[in-house]
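Okay, here's what each chain looks like letter by letter:
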Amino acid sequence: MARPHSMESGPGARALLWFRRFVWLGIIANVIITLTSIFCTEWVLGLLELEPAYPLVWPRFGALGILLLSGFYLVAARDPCGSHWATLFTVLCRFVGFIFFAIVGGRYLAFGLFDLVFGAPQAICLYLAWRRSKDGAQGRAPGGRLGAAAMGGLFLAMFIWGLLQFLPAPVLRPYAADEEFFKYGSIGNDGDAGIPYPIWVALPDICAKHLPPGGKGYASFGFLWERGRNPALDTPVGFSRVRVGVERMSINCAICHTARARLAPDAEPTLHVGAAGNTIDIQGYQRFLSSCAADAAFSRDDLIAAMSAKLPLSWAHRLLYRFILIPLVRKQLIKQGEQYAWSRQRPTWGPGRIDPFNPVKFGMLKLADDGTVGNSDMMPLWNVAERESSGKPKVYHWDGLTSSLRDSVLSSMLGDGMVAREYKPETLTRLQNYLRTLRPPPSPHRPDAAAIQRGRALFKTQCADCHAAEGTRSLSVISPGETGTDIQRGLMWTEAMAQAYNAYREGYEWKFSGFAKRDGYFASTLDGLWLSGPYLHNGAVPTLRDLLKVPTERPAAFVRGGDVVDGKNGGFVSPPCDPITPPPVAFCYDTSLIGNSNVGHLYGTALPAAEKEDLLAYLLTL
């Protein structure tokens, strides 16, 4: 029986009836979803593409809690006026659920949107029932339409906001093995810097004229694919393929820290994770992308045709790419080219080299272009754990610019485009832990045993102080006045940049602390020396044999980017070349250009020829 002056009768009764209906629908939906989540937990996680949750008892327990909570909704569904607190609690729980999952973010926002779908109509109906009942009791015409419309607009805005947060939330692929994560895992740059996968696979076809001469697809830039993978469609080492609205391709740390080596020209290549990337041409790839985007070939019709030739595209995806993604990607890539315009005033990096910090200086840190050249070889990442436990001061990078492994990894992630909203602390932890496990592959070279023994003795007197693990100066920074090597990389890293890096925040809860200006270059141990050519911090000397020569006898120009190991001279086969008429399908490294000098490091250059051969024999085994 309806109570006098209640919402169960009079002008608000119809709205109250609809409130009850929406509560019942919400209860039924809760029961279906929670029972499915309890008994088919992994299926639900996979369907919504949520990050894995282990052990599964916790998501099941959460679903059980929601199921039990639905029991309180029964009071509001049966008799909303019998307990005002139960009725308000029913509506409040839906909005608290939305707010909670909005704070959690990511793909879990789907549950918040689910709560909003039921909470919004419940709130509107309950408001109309109250307002119209109140107006009727006071003898006024039933109102509330304007308030209901305002609430509807607010809830619609909340729903759209939630969708815009949910749809672009990265769908990360799980990698059980740390090595697989290093090679293909996301570092948090997918949504901000990633290129939609269908566009990415189509670019070499529509912009073939912007590839290096004689190049074929992305292999032109030295990208690496594991055996059995298709270079035309599959993900190369050093890229993550993550869905952020659509699947996107983004670089990660492995792109600079994986090498390819062949023991002979006709031998099967082997990939070595953690080595300095010897084939990868990062700058060439970046310039290809921006040049392609500025070309008339980067059109909606041409791209969609090229994409459709390689991948199945639904009509909805065609519309999405035609009217939204292709224009956005074109604008993004052209802007990226403009941001790197300064690099055209410096020598080309070439394969296996990068200027890792000037892009950060001029872009992320907003410091003025000071004309410096930071071009240097990519570095191997081996024996980090041994360095940490050596008891010696810890420095990282060629110029020892930071004393923190954490800062080194974080700065590399930022340099590769990581943004705060996609950063995950567990990624940093996993990368650091994996780096501590990396060991260099053993040398395949087998020189004369007696020569090796004589060379080992020479190494102890000529090289061990700086380059043996037990050396008194190894893992320290040696002044440029002593080494005499090219000073440009040291000039690039300034005191102002170190301070700016340590002060950098931009939405992150952590901060840097280990960056500092140090005068000189890092004296590394020679782990995996056979796989680390060319040599010196800027890669200006092609082989170990050349490094034992005085600078005037070292090659003035040579080909970089090869992967055939030089078992006689050390490093990779690097034939001489002429920078004026360079080879059409290879990069000619010119040591006369600024930042490319091959001077300095005279250690061992005064030894007699026979002793140089012995020392070289030993170095080939490292």
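Rules and cut-offs
- Residues numbered from 1 in each chain as written.
- Predicted model: local features only at pLDDT ≥ 70, side-chain atom pairs only at ≥ 80, totals over all residues.
- Heavy atoms only, no water.
- Helix = DSSP H or I, 4+ residues; strand = E, 2+ residues; numbered from the N terminus.
- Buried < 20%, exposed > 50% of the residue type's maximum accessible area, 1.4 Å probe, protein only.
- Contact = heavy atoms within 4.5 Å.
- Lys, Arg positive; Asp, Glu negative; His and termini not counted.
- Charge placed at Lys NZ, Arg CZ, Asp CG, Glu CD.
- Axes fitted to C-alpha atoms, helices over the stretch in contact; angles between N-to-C directions.
- Parallel < 35°, antiparallel > 145°, perpendicular 65-115°, else oblique.
- Left-handed = near helix turned anticlockwise from the far one by under 90°.
- Nonpolar A, V, L, I, M, F, W, Y, C, P; charged D, E, K, R; others polar.
- Arc of directions from axis to C-beta.
- Polar contact = N/O pair within 3.5 Å; in protein donor to acceptor, adjacent residues only side chain to side chain.

(A) View of the overall build of the protein. If you tally the helices and strands in the protein, you get 23 helices and 11 strands. With respect to the three principal axes, the spread of C-alpha positions in the protein is 110 × 55 × 45 Å. Relative to its full complement of 622 residues, the protein shows a buried share of 51%. Looking at the protein alone, contacts between residues at least 24 apart form 71% of all its contacts between residues at least 6 apart. A distance of 9 Å separates the average location of the 62 positive side-chain charges in the protein from that of its 53 negative side-chain charges.

(B) Broad picture of the packing of helix α10 (residues 282–294) against helix α12 (residues 315–339). Interaxial distance between α10 and α12 falls to 8 Å at its minimum, and their mutual angle equals 125 degrees. One element, α10, and the other, α12, form an angle in the oblique class. Handedness of the crossing formed by α10 with α12: left-handed. Every residue of α12 that contacts α10 at Gln286, Leu289, Ser290, Ala293 and Ala294 is listed here: Arg330, Leu333, Ile334, Gln336 and Gly337. Counted by class, the contact of α10 with α12 contains 5 nonpolar, 4 polar and 1 charged residues.

(C) Representation of helix α11 (residues 300–310) within the structure. Among the residues making up α11, those that are buried are Leu303, Ile304, Ala306 and Met307. Buried positions in α11, seen along its axis, are confined to an arc of 165 degrees and lie on one side of it. Along α11, the residues that are exposed and aim more than 90 degrees away from the buried face are Asp301 and Ala309. Taken together, the buried residues of α11 touch α9 (197–206) and α12.

(D) Main features of the environment of Arg406. Tracing the backbone through its elements, the reader meets Arg406 in helix α15 (residues 405–415). Look past the residues within four positions of Arg406 in its chain and what remains in contact with it is Leu428, Gln432, Trp510 and Lys511. At a separation of 3.1 Å, a polar atom in the side chain of Arg406 contacts the main-chain carbonyl oxygen of Lys511.

Everything listed is a geometric property; what it means functionally is a separate question.
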